[in-house]
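Structural characterization, general
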Amino acid sequence: MSAFRELTILPPVTNTACPWASNLDDLTALYECPNTGAVTTRTATLKGFPDDPTVHQVAFASDSVSSVNCYGYSPYPFSQYIEWVRTILQNHPDSNKPIIISITAPLPHEGDAIPTHSLDTTSQEEEMIDVSPQADGSSSRNELPEMLAAIQSLRAEFDDSTSASPRIAVEINTSCPNIEGHPPPSYDISSLRTLVKSVADVCKADPSLAVGIKLPPYVYARQFGDVIDFIASFTEQVDGKKRNPIAFLTCTNTLGSSLMFSDQVIAEDKPAAEAAGGFALPATWGGLAGESLHPLSLGNVHAFRKLINAHQDETIRSLAIIGAGGVVSADAADRMFRAGADIVGCATALGRKGISVFADIVKAPSISGGTKP
């Protein structure tokens, strides 16, 4: 069992935000699966992402449980996920299984006017930004407060703030590599300040809300330290107790700018790949996931775990990690736990094998044998 901010995740297994958690049928199947301890929705934007099925696709590797995808966020608007989560929780009143609502809000496009933040993560000052709406429907307006307010209203319907077993958490996806003009903000930590400040304002009023950040793969030591220092800069004394708005990290998301050719994909994906000029994806490049990402994901989880455990700030030491990236089997899940994850998440294996993959994952000795570190 894993727990943070009173959420209980048993078994310590979830799906991660992905296309196979897009609609009510997907989410209900995941929720009713006895081998998931939590369910994560596909990442939603306020108005829905302008999905183009001829462009936004996935291709699975033929020689491993790996994938590349050029998906954006969910085509369904955020309000639809509020309705679906409400329906699932109402239909399962006796379940304590939490649902993690994954959301994101646009930052300005590359080249737009942006806040002139200092790289000094101790500074909490920010300037307002004002740029025109973009062709993809996004706006420079910070939409996160509106979404968080709706989530808090939903939580109030279920007395989540006072429950001994709350069932709603939030993940802020800051790491999708496939959004044109919007590089993953987690690669430029200072650009995250507006988003995390919105979270901090809500959590200051309601410390019971569990909010996490979905991170991209990092590749050198300073990046890990910068993330932890940035999060620590939001620790405050509230009613005589140290509090931090961030409760967990999901790491990692996919690795962008990855390429596969048509001769590397499964037979079902070959026709589409050949139609794309011999590339696995119509967009050519995409985010790498699954077994091919596993060693890098393990390294990310281990690096964050070492920094978290050694940190002088007790609120940082309480951060949980959802380890994702190549969790395709019991053995892979066990490695992720040994690297330092509290919970494991999977997406590519879910897309490739279906919901039955969770029955294999929970056979990990760290779960079935009760030996999780």
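Some details on the pairing of strand β14 (residues 286–290)
Among the five residues that make up β14, five are buried, leaving the element largely enclosed by the rest of the structure. Looking at chain direction, strand β6 (residues 66–69) and β14 are connected through four bridges and run antiparallel. Its bridge partner being in β14, V68 is matched across the sheet by L288. Relative to β14, strand β13 (residues 255–258) runs antiparallel, the two being bridged by two bridges. If you follow S258 over to β14, its bridge partner there is G286.

Re the pattern of salt bridges
Enumeration according to the criterion identifies eight salt bridges in this entry. For R86, the salt bridge goes to E83, with nearest N and O atoms at 2.7 Å. Of this pair, R86 and E83 are both found in helix α2 (residues 78–91), three residues apart, which corresponds to roughly one turn of the helix. For the salt bridge of R86 with E157, the shortest nitrogen-to-oxygen distance reads 2.7 Å. Taken as a pair, R86 in helix α2 and E157 in helix α3 (residues 144–157) lie far apart in primary sequence, 71 residues in all. For E157, a relative accessible area of 44% corresponds to the partly exposed category. Connected through salt bridges with shared partners, the residues E83, R86 and E157 form a single ionic network.

Overview of the sheet that holds strand β5 (residues 58–60)
Taken together, the four strands give an open sheet; going across it, the order is β5-β6-β14-β13, and neighbouring strands pair in antiparallel fashion. Single-partner strands in this sheet number two, and they are β5 and β13. Averaged over neighbouring strand pairs, the angle between their axes works out to 35° when direction is ignored. Strand direction decides the pairing type here: β5 and β6, joined by three bridges, are antiparallel. Pairing of V58 across the sheet is with N69, part of β6.

Remarks on the sheet that holds strand β15 (residues 320–324)
The strands making up a sheet are joined through hydrogen bonds of the backbone, oriented either antiparallel or parallel. Reading across the sheet, the eight strands line up as β3-β16-β15-β12-β9-β8-β7-β4 and stay open at both edges, with parallel pairing between neighbours. Of all strands in the sheet, those bounded by a partner on one side alone are β3 (13–15) and β4 (39–40). One ladder, built from four bridges, connects strand β12 (residues 246–251) with β15; its direction is parallel. Counterpart to C251 in the pairing with β15 is G323. Where helix α9 (residues 330–339) meets the sheet, its contacts fall on β15 and β16 (343–346), and the angle it forms with β16 comes to roughly 135°.

Thresholds, definitions, all that
- Residues numbered from 1 in each chain as written.
- Predicted model: local features only at pLDDT ≥ 70, side-chain atom pairs only at ≥ 80, totals over all residues.
- Heavy atoms only, no water.
- Buried < 20%, exposed > 50% of the residue type's maximum accessible area, 1.4 Å probe, protein only.
- Helix = DSSP H or I, 4+ residues; strand = E, 2+ residues; numbered from the N terminus.
- Pairing = 2+ DSSP bridges.
- Salt bridge = Lys/Arg side-chain N within 4 Å of Asp/Glu carboxyl O.
- Axes fitted to C-alpha atoms, helices over the stretch in contact; angles between N-to-C directions.
- Contact = heavy atoms within 4.5 Å.

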